[in-house]
Amino acid sequence: MSKHHEGPTYAHVVPVRTLLGVFGALMFLTILTYAVTYVDLGALNIWVALGIALVKGTLVALVFMHLLWDKKFYAVVLMSALLCVMIFIGIALLDSGQYQADLIPDFAPGIVQ
Amino acid sequence: MSTPHEGRDEHAHPHLQHHFESMAQQYDSGKFGMWLFLVTEVLLFGGLFCAYAVYRANHPEIFAYAHQFLDKTLGGLNTLVLIVSSLTMAMAVRCAQLGQQRRLKQMLAATLLCACIFLGVKGVEYEHKWKHGLLWGTHYVPQGETVAPADAAGAATTAETTAAAAAAPADGGTTLPHAATGPQGLADHSQPGHGGASHGGHGPAGPAPRNVHLFFGIYFVMTGLHGIHVLAGMIAIVWLLRRSAAGEFGPEYFAPVDFVGLYWHLVDLIWIFLFPLLYLIH
Amino acid sequence: MSTHDATAAPPAVGGENYLNCSHGFRSWIFTLDHKRIGVMYLASILSFFLLGGILALLIRTELLTPTRTLMSADDYNKVFTLHGAIMIFLFIIPGIPAALGNFVLPLMLGAKDVALPRLNLASYHLYLIGALIAVLSIVQGGVDAGWTFYAPYSTTTNTAVVTLTFGVFVLGFSSVFTGLNFIVTMHKMRPAGMGWFDMPLMLWALYATSIIQVLATPILGITMVLLIVERVMGIGIFDPALGGDPVLYQHFFWFYSHPAVYIMILPAMGIISEVISVFSRKHIFGYRAIAYSSIAIAAFSFLVWGHHMFTSGQSDLMNMIFSALTFSVSIPSAVKMFNWLSTMYKGSIRFDTPMIYALSFMFLFGIGGLTGLFLGSLATDVHLHDTYFVVAHFHYVMFGGTVIAFLAGLHYWWPKMFGRMYDEKWGRISAIIISVGFNITFFTQFVMGSQGMPRRYYAYVDKFEPYHVISSIGSYLMAAGFFMTAWYLVKSLYRGRPAPANPWGGASMEWQAASPPVLHNFTDEPVGGDPYDYSNQDYDPATGGYVLRKPEVSDR
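None of these values were measured; they are calculated from a predicted model.

Tallying secondary structure elements over chain B gives seven helices and two strands in all. Along the chain direction, N to C, the helices and strands of chain B fall in the order α-α-α-α-β-α-β-α-α. Classification of the 282 residues of chain B by burial places 52% in the buried group. Here the contacts in chain B between residues at least 6 apart in sequence split such that 73% fall between residues at least 24 apart.

A few words on the interface of chain A and chain C. The partner chain C presents 18 residues to the 16 residues of chain A that form the contact. Partitioned by chemical class, the residues of the side of chain A that touches chain C number 11 nonpolar, three polar and two charged.

This part is about the interface of chain B and chain A. Across the contact, 52 residues belong to chain B and 50 residues belong to chain A. When contributions to the side of chain B that touches chain A are tallied by element, the ones reaching two or more residues are helix H1 (23–58), helix H3 (72–98) and helix H7 (255–278) of chain B. A per-element tally of the side of chain B that touches chain A places H1 of chain B first, with 14 residues. Tallied by class, the residues present in the side of chain B that touches chain A amount to 31 nonpolar, 16 polar and five charged.

Below, the discussion takes up helix H4 (residues 117–139) of chain C. End to end, H4 of chain C covers 33 Å across 23 residues, agreeing with the expected 33 Å (1.5 Å per residue, within 8%). As for H4 of chain C, its buried residues are in contact with helix H2 (34–62), helix H3 (73–109) and helix H6 (161–188) of chain C.

Now for unusual backbone geometry. All names here are of chain C. The amide bond that connects Ala-151 to the next residue, Pro-152, takes the cis arrangement and shows omega of 5°. The step from Ser-515 to Pro-516 runs through a cis peptide bond, and the omega angle for that step is -10°. By secondary structure assignment, the location of Pro-516 is in the loop between strand E2 (497–498) and strand E3 (537–540). Backbone geometry at Arg-281 places phi at a positive 50°, although glycine is not the residue there. Its 15 C-beta neighbours within 10 Å are what place Arg-281 among the partly exposed residues. Despite not being glycine, Lys-346 shows a phi value in the positive range, around 65°. On the secondary structure map, Lys-346 appears in the loop between helix H10 (316–344) and helix H11 (353–376).

A word on the domain arrangement of chain C. All names here are of chain C. When cut into domains, chain C gives domain 1 (351–498) and domain 2 (500–524 + 539–556). With seven residues of domain 1 at the interface, the matching set in domain 2 holds five residues. With five residues, helix H13 (residues 388–418) is the single largest residue contributor to the side of domain 1 that touches domain 2. In terms of residue class, the side of domain 1 that touches domain 2 is made up of five nonpolar, one polar and one charged.

A few words now on H11 of chain C. Taking 1.5 Å as the rise per residue, H11 of chain C with 24 residues should run 34 Å; its terminal C-alpha atoms sit 34 Å apart, in good agreement. H11 of chain C sits mainly inside the fold: 17 of its 24 residues count as buried.

With that out of the way, let us pick up the confidence of the model for chain B. Residues and elements named next belong to chain B. Averaged over all residues, the pLDDT of chain B is 79; the fraction at 70 or higher stands at 74%. Contacts from residues 1–8, a stretch scored under 50 in pLDDT, to residues over four places away or in other chains number 11 contacts. Note that pLDDT drops below 50 for residues 145–204; the model gives that stretch 99 contacts with residues more than four away or on any other chain.

Residue and element names in this part refer to chain C. Mapped onto the fold, Asp-533 is located in the loop between E2 and E3. Judged by local crowding, Asp-533 falls into the exposed class, with 10 C-beta atoms found within 10 Å. Placed 251 residues apart in sequence, Asp-533 and Lys-282 show a C-alpha to C-alpha distance of 7.6 Å. Asp-533 has contacts with His-283 and Ala-507, leaving out every residue within four places of it along the chain.

Below, the discussion takes up the pairing of strand E4 (residues 545–548) of chain C. All names here are of chain C. What you see with E4 is no split at all: Gly-545 and Val-547 on one side and Tyr-546 and Leu-548 on the other are buried throughout. Across four bridges, E3 lies against E4 in antiparallel orientation. Each bridged residue has a counterpart across the sheet, and for Asp-540 the counterpart in E4 is Gly-545. What sits between the antiparallel neighbours E3 and E4 is a turn of four residues, in which Gly-544 has the positive phi angle 75°.

Now for the confidence of the model for chain C. When pLDDT is averaged across chain C, the result is 92; 96% of the residues are at 70 or more. For this predicted complex, the interface confidence score (ipTM) comes to 0.91, while the overall pTM stands at 0.89.

Let us now look at the environment of Gly-52 of chain C. Residues and elements named next belong to chain C. If you trace the backbone, Gly-52 turns up in helix H2. Sequence spacing of Gly-52 and Leu-201 is 149 residues, and the spatial spacing of their C-alpha atoms is 30 Å. Once residues within four sequence positions are removed from consideration, Gly-52 is found in contact with His-83, Ile-86, Met-87 and Phe-91.

Once that is clear, we can look at the packing of helix H8 (residues 246–280) of chain C against H10 of chain C. The angle between the axes and the distance between the axes are what describe a pair of packed helices. All names here are of chain C. Interhelical geometry of H8 versus H10 gives an angle of 15° and a closest axis separation of 9 Å. One finds that H8 runs roughly parallel with respect to H10. Viewed along their axes, H8 and H10 form a crossing whose handedness is left-handed. Contacts between H8 and H10 pair Met-269, Ile-272, Ile-276, Ser-277 and Ser-280 from the former with Lys-336, Trp-340, Thr-343 and Met-344 from the latter. Looking at the contact of H8 with H10 residue by residue, the class counts come to five nonpolar, three polar and one charged.

About the cut-offs
- Residue positions are given per chain, counted from 1 along the sequence in the order it is written.
- Whichever chain is written first is A, and whichever ligand is written first is 1; the rest continue in order.
- Local features in a predicted model are, by the rule used here, given only for residues with pLDDT of at least 70; side-chain atom pairs are given and counted only at 80 or more, and totals for whole chains, interfaces and linings are based on all residues.
- By the criteria applied, helices consist of DSSP H or I runs no shorter than four residues and strands consist of E runs no shorter than two, each listed in order from the N terminus.
- Field definition: a residue is buried when 20 or more other C-beta atoms are found within 10 Å of its C-beta, exposed when 12 or fewer are, and partly exposed for counts in between, with C-beta atoms placed from the backbone.
- The contact criterion used here is simple: two residues whose C-beta atoms, placed from the backbone, lie within 7 Å are in contact.
- Each residue gets one label: Ala, Val, Leu, Ile, Met, Phe, Trp, Tyr, Cys and Pro are nonpolar, Asp, Glu, Lys and Arg are charged, and the others, such as Gly, are polar.
- To estimate how far a helix should reach, multiply one less than its number of residues by 1.5 Å.
- Domain boundaries shown here were taken from an automatic or database domain assignment.
- Note on scores: pLDDT gives the predictor's confidence for each residue, bounded by 0 and 100.
- Any two strands are treated as partners once DSSP identifies two or more bridges connecting them.
- Note on method: axes are straight lines fitted to C-alpha atoms, helices fitted across the in-contact stretch only, with angles between N-to-C directions ranging 0 to 180 degrees.
- In what follows, roughly perpendicular refers to angles from 65 to 115 degrees, roughly parallel to angles under 35, roughly antiparallel to angles over 145, and oblique to any angle outside these ranges.
- Each crossing gets its hand from how the near helix is turned against the far one by less than a right angle, where anticlockwise is left-handed and clockwise is right-handed.

What follows is the structure, encoded as structure tokens:
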């Protein structure tokens, strides 16, 4: 912690070492996610890529965006937005997966590519 | 800028607005407002992620085929550039909080530089697609010429992609086949080119499935909207630079730097998800 | 405890207040004062209400006969599209929150302003810009896609869809900024000693509204962007001719637009909670239940959008899920309804204009809500979908609910806003005329719809003619009521009796400010307390208003 700094009285100052540590982790994870595309994991590939992205995103949110030290309510606000997006994507996916079977092939005249 | 603050004690900060009791209350209000704004940004992009998910889930063959025309090295480079810019932005916030005026300006300028590099690389990628007619909707007219899927030219890191593509037609380059015009439904597509043959990322492109343009439509809308956000962020950083040149920020008043920082990190965060979803499809 | 006494506020009209503290066009258009922004919003939305109302009268007049009466079929399509788009995006959505809410929210909190006044002004400027762009589409020849802009028609029609949707996109930002500002204000500007459950219920309603505005409106923004990109660049995401998915458009659209109906109705419910309690002279019944039900409605609102898509090709699975979820929304709405009724029970009810509107609201919203259940149940909806039954249902909810509550709130806070009393007798008469006219107009539409009259049709089967004629006559009656209202309200600005600080005996803090309030709202620090406790007030015949009784200790 940085209590010896002469920073503001009402906000937390993140130490340089923490910032650099997170930066290093982000760089490493980016290279990792790039490298992992050369390994065939079948259907798992996308989930590995998304998992790494999630870890990176969490690091950015917690440290760079100060969520770790700020009022927990901001994290709740962010999570509520993500929940909302999840509901939207989840239901749209579920529904579109269901009605794909009902589509009539070439009912709408497609363009010639 | 600052509203007159009548009836308050003499030592009130010049940036304290009249309806707040203290700088802390003002900072908290602004910060909360900024977070709510970020929520709206998350949802704005959430809509596009939804469109992406629906098409990817129902037409995986389009994504498996079309992503090969994106250069994942350039995409990866851009990811690294944005991460650097996030670091410099976080440092800028720190400098503002500690009142380190000179380093604050340096950090903001570095962030701005990274943003320029990001947009420059993006421009190179767009130009490549434009040249080869890899565009959206009815503008998707892949040229009859030979186009190398970017994977094949993957080794060339910063070289002009177009040049690399032109130079290596034999090395995995494929002539874009025209879509089968038979009575294929939207739903049932076998997935040629996806699966066994494409191990190691160097597989042949295979015959193009129908509606490949949908991928490019989604690609351009997502990266385009993201690019607009980068541009907006750059404008905000220029504004911060002007104010920091006047020495306005310090331990008591650093809110604008902090808030632009939050926005900038969110733009970075969205790219962190865009990159694997668009470029790193296996 | 301070011995504050409302009569200590400066005399109502004559002293300096927010209306006369500065002059000139610039002092209004660039003001950061939430009260002036609220008044400008009020003037703007009422102008668009007039425009939308004229379009409505054109529709009703056209439908007097089964064939052409006034205009061509193409013009008819444009008129109903503009009526819908203007009423929804330019009037109802900003109506209660941005106009009345802006004015009363800081006053009810005892604050000097909203937390982010510059954002508040930006919200109004964006509203103006968005409104101008939307109106520009009329000059360009209008839009005929319906206010829902369903793809693929909206992507192929050759009318000014891009202009109107871009206007809606800008208006969305305006709405987001208002909601964001309100949430921050309620979190950060509550005075020490006022907990969440000490807030008036209007504020709970505005809070729930703001949550929806912040969480849902961005999806409207991206939908409009995709639609514009589709039309301008041919991107193909919603266009089946390009392999796109038009059902996905409907998911996008209703993910915003269903929660949006709660943006419209929740603040209306907040007004009713205030008015019912004040005019029954009785503490609100079930405070916490009403507060929680507002939040519950906001939460449920994100889970029911698919009930607009029962016949649009949505899958059976989702149809069933959405139908079941739709019924759950009726629970919190009914909780509110029963609490209002219980508040009135054994109260000493006064039938002033706001109360007449509130009672009218309960009647009309009851019908609107219950017919919503018919439409939420799958089997019935297949038959009633796209008939006048739907038209009647949402007018009962949106007009009978929101607009009537807006009128209740407008009359309730009118003395606070402008420092003048309107003519009570004309107020009551026109409230009754509007309610009666409304029922004549729209109840017949339930009958027509259940017999199969499709919505949006220009020509119709002869057997529906009598219903259409009755409906149109009702709409003229309603219009007469509105012109009457406009007349006595405008007249009151010049000739009205000066309003006392607290004409109705309300106990929430805005009634402790002068009427109209001074620039920074309160001359003395307002006294907190239970916003529904009417026991410590006395009627003062000299001013015609209520004053806080001085605490007995101070007399001894």
